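Each chain, written out:
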Amino acid sequence: MQDILLIKYGELALKGDNRSFFENKLIKNIKHALSDFKEVKVEKTHGRIYVECDGDIEEVIERLKKVFGIVGITKAKKTDLNLDEIFKAAVELMKGHEGKTFKVETKRPNKSFPYNSMEVSRRVGAAVLKNIKNLKVDVHNPDVLLNVEIREMAFVYAGVIEGIGGLPLGTNGKATVLLSGGIDSPVAAWMMMKRGVEVEAVYFHSPPYTSERAKDKVVDLCKVLSQYGQRIKLHVVHFTDLQLEIYEKCPPKFTTIIMRRMMMKIAEKIAQKNGSMALITGESLGQVASQTIESLYVTNASVSMPIFRPLIGMDKTEIIDLAQKISTFEISIRPYEDCCTIFVPKHPATKPKLDKVIEAEEKMEYQKYIDDFEEEVIEV
Ligand SMILES: Nc1ncnc2c1ncn2[C@@H]1O[C@H](COP(=O)(O)OP(=O)(O)OP(=O)(O)O)[C@@H](O)[C@H]1O
């Protein structure tokens, strides 16, 4: 008898002809998540992925909970095709479920096994009842469903641990996230990663107005994101000169929106070079002046690449809940000086007009900053 994990991957099953592309990517990502474990075997058979691993099974499960595309993880036991072995596995799995109701369900694709499904269920149920006290059978609404599958080997399993869902990372191209040290943009990056998008990050740094600590926060956020399956390339763009130019030459009511447009233009250049097909931001409709529908329209007009805003319809409380769940929140709320607050105007326009903003930004010579920006690249 051997402990294994059974991986459920719901949405992938709908992918028709591309199914094996998605499955193979998921297998690769699972292997990557467990790469420091010895003796890991990840196998695909009968439309299932099985993980066999010598290490601490609970630690393996924790790792798998961060692999996008997995909707459920089930602890299972693999045994020889022998009823006594199947009984032992079933009893082992039902320990700890005392006081509950259960039902055995058997599938028998291997028709050479001498007992039919009903018979296997009946006998396994009886063995469990005999060995564990205080259990009851309930065939209609059981607390625990004990499954037995008779294939070339037998698989016995019960209960599902919830996975993270989504699609395997790397199955939906690449995008570049504008990552500030705030709460929202790391959540936005994570949401796109969850849909299979690989990300590269850009952070606009304005020393001495933003401190090294602000940059460290962004690096630490990338470290958290990288636990979800990929190393993150972070472009730290030196933004001070352009920021000062905006501050000096543009009307205060437009400085924030112009700053955002300039960030977009530089991010788009980086994105085009790295093969991204979209930009990602943490904007959410109406959250601040630069996130009204009029402001987002003006921001969009600065670039031709699509801008994904996965948080657009979320409330701040919902974003915070998610930030806590994915472990970016504690880093995001560390105090630091933020260029956006230092340069923030008292009365930003909430309904900017595109032509007026373009007219205002043409008062400065921004193109040279876009064509020739300085950056430091950090692999996290
Ligand atoms: N210094 C920066 N570097 C990179 N991206 C930035 C920076 N400042 C803002 N952004 C991007 O612009 C978006 C909007 O920024 P803004 O400061 O208006 O919003 P926010 O809601 O505070 O976002 P966040 O919590 O992500 O900082 C951010 O979500 C982020 O994608």
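What you see is a predicted model, and the numbers here were worked out from it, not measured in a lab.

### Some remarks on the overall build of the protein
Within the protein, the regular secondary structure consists of 14 helices and 15 strands. Taken against the 2.2 N^0.38 rule, which gives 21 Å for 380 residues, the C-alpha radius of gyration of the protein at 27 Å runs more than 25% over that of a compact globule. If one aligns the C-alpha atoms of the protein with their principal axes, the spans along those axes are about 85 × 35 × 35 Å. In the protein, which comprises 380 residues, the proportion classed as buried is 39%.

### Some remarks on the site of the ligand
Every one of the 19 residues lining the ligand counts as a neighbour, but Leu178, Gly182, Asp184, Ser185 and Gly282 are closest to it. Looking at the shell around the ligand element by element, the count peaks at three residues for strand β11 (residues 198-205). For the shell around the ligand, a count of residues per class yields 10 nonpolar, seven polar and two charged.

### Notes on the sheet that holds strand β14 (residues 307-308)
Pairing is mixed in the open sheet, where six strands are placed in the order β14-β13-β10-β11-β12-β15. For this open sheet the edge positions go to β14 and β15 (375-379), each flanked by a neighbour on one side alone. Contacts from helix α8 (residues 255-274) reach β10 (174-178), β11, β12 (233-238) and β13 (279-280) within the one sheet, and its direction differs from that of β10 by about 150°.

### What about helix α3 (residues 83-94)?
Along its 12 residues, α3 runs 16 Å from first to last C-alpha, staying within 8% of the 16 Å computed at 1.5 Å per residue. All of the buried residues along α3 are Ile86, Ala89, Ala90, Leu93 and Met94. Along the axis of α3, the buried residues cluster in a sector spanning 125°; they form a single face. The inward-facing, buried residues of α3 abut β4 (72-79), β5 (101-107), α4 (117-131), β7 (144-150) and β8 (154-158). One or two steps after α3, the chain reaches glycine 96, where phi turns positive at roughly 95°.

### Some points on the confidence of the model for the protein
In low-pLDDT segments, the atomic positions of the prediction should not be examined closely. Per-residue confidence for the protein gives a mean pLDDT of 93; residues scoring 70 or more make up 97%. Here the predicted complex scores 0.90 on pTM and 0.97 on ipTM.

Conventions and cut-offs
Residues numbered from 1 in each chain as written. Predicted model: local features only at pLDDT ≥ 70, side-chain atom pairs only at ≥ 80, totals over all residues. Helix = DSSP H or I, 4+ residues; strand = E, 2+ residues; numbered from the N terminus. Rg over C-alpha atoms; globule rule 2.2 N^0.38 Å. Buried ≥ 20, exposed ≤ 12 C-beta atoms within 10 Å, placed from the backbone. Near = placed C-beta within 6 Å. Nonpolar A, V, L, I, M, F, W, Y, C, P; charged D, E, K, R; others polar. Pairing = 2+ DSSP bridges. Contact = placed C-beta atoms within 7 Å. Axes fitted to C-alpha atoms, helices over the stretch in contact; angles between N-to-C directions. Expected span 1.5 Å × (residues − 1). Arc of directions from axis to C-beta. pLDDT = per-residue confidence, 0-100.

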